[in-house]
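# Breakdown of the fold
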Amino acid sequence: MAAASSATAIPFVEKSDFLKLQNGSDIRGVAVDGVEGEPLTLTEPVTEAIAAGFAGWLKKKYDSSKRLRVSIGHDSRISAQKLQDAVSQGLARAGVEVIQYGLASTPAMFNSTLTVDEEFSCPVDGSIMITASHLPYNRNGFKFFTRAGGLGKPDIKDILERAAEIYKNIANEDSKGAETAVSLSVKRVDYMSIYASNLVAAVRRAAGNIEKPLEGFHIVVDAGNGAGGFFVGKVLEPLGAITSGSQFLEPDGLFPNHIPNPEDKTAMKAITKAVLDNRADLGIIFDTDVDRSAAVDSSGREFNRNRLIALMSAIVLEEHPGTTIVTDSVTSDGLTTFIEKKLGGKHHRFKRGYKNVIDEAIRLNSVGEEAHLAIETSGHGALKENHWLDDGAYLMVKLLNKLASARTSGQGSGSKVLTDMVEGLEEPAVAVELRLKIDNQSDLIGGSFRDYGEAVLKQLENTVDSDAKLLKAPVNYEGVRVSGYGGWFLLRLSLHDPVLPLNIEAPSNEAAVKLAHDVLNAVKEFTALDTSALTKFVGA
Ligand SMILES: O=P(O)(O)OC[C@H]1O[C@H](O)[C@H](O)[C@@H](O)[C@@H]1O
């Protein structure tokens, strides 16, 4: 295979442009040309340099003289093949052994660092997943793993700094006309079959070593044309489930049916319709790279957001009474009451961001507070028993275990068992998220959008402090969370964007509007903050 970089002259790319590709603990960029205003940032030479940067980081981490091996997988995006070639090239350039898995899920990639099976070249020392989750078709990106889990923000920065240096060297060699191609021998491994058979084994074990514990259950899957289609043929069918009516299982990087995202209303409608049309017992939906999921019961009731957290908490608290459940910051007050009063657990509402939630759960355990579940309203959920890996497929396996064991023990058959588990969860009449943009082009009083956002939050906090009708949350890790009129709001800075997301939940529209009104009054002097969505909500 020829080096991706040798085909055309390599354009100059600033170090700062590399650093801009960081998105929390992931790398994200534009990998397909043609969308107006979105120039290519994840070109093949840039990708090659990033992969070589990861190899450098890995070598330093393991300080090893043995030849390292790295697995590469990708979701269904149309740029997947091109980036896989460039990643392979970058790794080979750095002297790393390359193992390609082809279409794969993000959690499977992490698993490949843990599986011990020399026939399949496992465990690998590091793993790269090429994905941009649910983002539009022209984007792509990378997630990196070692056996210690997903890489954190400082590691990603380190990799991008290394990549910028490597890129400079590649561009230099290229300008001198040097041959930059590296001979590449790639091993291809069907790792998804191993990963899926582990999931099958987990369900069989939980059901008391029954070969087909899901026999007779009708379960439909919506993979949204992402990487999750394997769950039907490789997990549900071997377990005996009927899967007719499953949809969008074929990978298609243009996502022609709906965005593969359990937070998306259209996506949830699609799986709900499939459940009802097929009179199925349960519906399962995955995001593009299967690190997130949600479910639907036989009556069409969605198990996503707070309800999925309530259900998973109920399952985990049966296994580990009293344990702490760590969630993101936008979870409801009703969820806290449910976890603490009904289930007898402890709700630790932390920050937004799946990595933040997982790291916090690990930290709590390390200081002696037992936590077994870290889960976000976005559908990312990780269990201690599963190496703290956020795995959408594993979350669904926990639901399947419950279905199977409930039937065996005569507790009931069908998804009513699951529905009954969330009984008593108070749900607000109104729940909205308004995303207020900070206009980066405006005068931000000399500061960054983050400073500006912090100033907005400070102002809101001061206003709340002087208003007797409003009560600031006594313990809060992110933004300003306030109770009032029987409901609550949270205004915080987005993890990635120049945006202040505002979540409001209230028992009535009137109460929600009152809360929105109070926020609007407090922040209206901040002219670079686009409050039009808030104004519209208040006026509606
Ligand atoms: O802060 P926001 O803009 O709402 O984004 C927050 C979200 O960002 C990404 O999508 C992460 O994968 C999620 O874990 C996180 O919750």
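Residue positions are given per chain, counted from 1 along the sequence in the order it is written. Owing to the predicted nature of the model, reporting of local features is limited to residues with pLDDT of at least 70; listing and counting of side-chain atom pairs is limited to 80 or more, with chain, interface and lining totals taken over all residues. Hydrogens and water are ignored here; the side-chain numbers use all heavy atoms of the structure.

In the nomenclature of an unreviewed UniProt entry, the protein chain corresponds to phosphoglucomutase (alpha-D-glucose-1,6-bisphosphate-dependent) from the organism Nicotiana sylvestris. Heading Sequence similarities (unreviewed entry) of the UniProt record for the protein chain holds this comment: "Belongs to the phosphohexose mutase family." UniProt positions are given in the numbering used here, feature names are shortened, and annotations may be inferred rather than shown by experiment. If you open the UniProt record of the protein chain and go to Cofactor (unreviewed entry), you find "Mg(2+)".

Relative accessibility decides the category of a residue: with a 1.4 Å probe and only protein chains considered, values under 20% of the type maximum give buried, values over 50% give exposed, and everything between is partly exposed. Secondary structure elements follow DSSP: runs of H or I no shorter than four residues count as helices, runs of E no shorter than two count as strands, and numbering proceeds from the N terminus. Residues G334, L335, F338 and I339 constitute the buried set of helix α10 (residues 333–342). Buried positions in α10, seen along its axis, are confined to an arc of 130° and lie on one side of it. We call two residues in contact whenever any of their non-hydrogen atoms come within 4.5 Å of each other. Lining the buried residues of α10 we find α9 (305–319), β13 (324–327), β14 (346–349) and α13 (416–421). Backbone geometry just downstream of α10 places G344 in the positive-phi region, at approximately 75°. Note that the arc is computed from the directions linking the helix axis to the C-beta atoms.

The end-to-end C-alpha distance of helix α6 (residues 191–206) is 23 Å, a good match for the 22 Å that 16 residues give at a rise of 1.5 Å each. Among all positions in α6, only Y191, M192, I194, Y195, A196, L199, V200, A202 and V203 are buried. Downstream of α6 by one or two residues, G208 has phi in the positive range, about 85°. One fewer than the residue count of a helix, multiplied by 1.5 Å, yields its expected span.

A word on the pattern of salt bridges. One speaks of a salt bridge when a side-chain nitrogen belonging to Lys or Arg is within 4 Å of a carboxyl oxygen belonging to Asp or Glu. In the structure shown here, the tally under the stated rule is 37 salt bridges. Taking the shortest distance from any N to any O, the salt bridge between R28 and D26 comes out at 3.3 Å. In this structure R28 comes out as buried when scored by relative accessible area, which is 16%. Look at D26 and you get buried, because its relative accessible area is 5%. The salt bridge involving R352 is made with E263; its shortest N-O contact spans 3.6 Å. Placement of the pair is R352 in the loop between β14 and α11 (354–366) and E263 in the loop between α7 (230–236) and α8 (265–278), with a sequence separation of 89 residues.

Turning our eyes to something else, we now look at the sheet that holds strand β17 (residues 389–390). Remark on secondary structure: sheet strands pair via backbone hydrogen bonds, oriented parallel or antiparallel. Whether two strands pair depends on DSSP finding at least two bridges between them. The mixed open sheet is built from five strands, whose spatial order is β14-β13-β15-β16-β17. The sheet is open, and its two edges are formed by β14 and β17, each paired on a single side. With two bridges connecting them, strand β16 (residues 381–383) and β17 associate as antiparallel partners. Note on β17: the bridge partner recorded for A382 is D390.

Glancing now at the packing of α9 against helix α12 (residues 392–408). Two numbers describe how α9 lies on α12: the axes approach to 11 Å, and their chain directions differ by 60°. The orientation of α9 with respect to α12, classified from their angle, is oblique. The interaxial crossing formed by α9 with α12 has left-handed handedness. Of α12, the residues touching α9 (which contributes L308, L311, M312, I315, E318 and E319) are L395, M396, K398, L399 and K402. Here an axis means a line fitted to C-alpha atoms, over the contact stretch when the element is a helix, while the angle between two N-to-C directions is reported on a 0 to 180 degree scale. For classification, angles of less than 35 degrees are called roughly parallel, those exceeding 145 degrees roughly antiparallel, those between 65 and 115 degrees roughly perpendicular, and all remaining angles oblique. Here a crossing is called left-handed whenever its near helix is offset anticlockwise from the far helix by less than a right angle, and right-handed whenever the offset is clockwise.

With that settled, the discussion passes to the site of the ligand. The environment of the ligand is made up of R352, G353, Y354, E376, H380, R435, R492, S494, L495 and H496. Within 3.5 Å is the distance limit for a polar contact, defined as a pair of N or O atoms, with the added protein rule that one can donate a hydrogen and the other accept it, and that residues adjacent in sequence qualify only through two side-chain atoms. Taking R352, its side chain carries an N or O atom lying 3.3 Å from an oxygen atom of the ligand. Surface exposure here means Shrake-Rupley accessible area, sampled with a 1.4 Å probe, where a residue is shielded only by the protein chains that are shown. For the ligand, the accessible surface in isolation is 400 Å², of which the surrounding protein chains cover 85%. Note that Gly is not counted as nonpolar here; it falls among the polar residues with everything else outside the nonpolar set of Ala, Val, Leu, Ile, Met, Phe, Trp, Tyr, Cys and Pro and the charged set of Asp, Glu, Lys and Arg. Here the residues of the shell around the ligand are counted per class, giving two nonpolar, four polar and four charged. Being near a molecule or strand, for a residue, comes down to having at least one heavy atom within 4 Å of it.

Attention shifts here to the packing of α9 against α10. Here α9 crosses α10 at 10°, and the two axes come no closer than 10 Å. If you check the angle between α9 and α10, you find them roughly parallel. Between α9 and α10, the contacting residues are N306, I309, A310, S313 and L317 on the first element and L335, F338 and I339 on the second.

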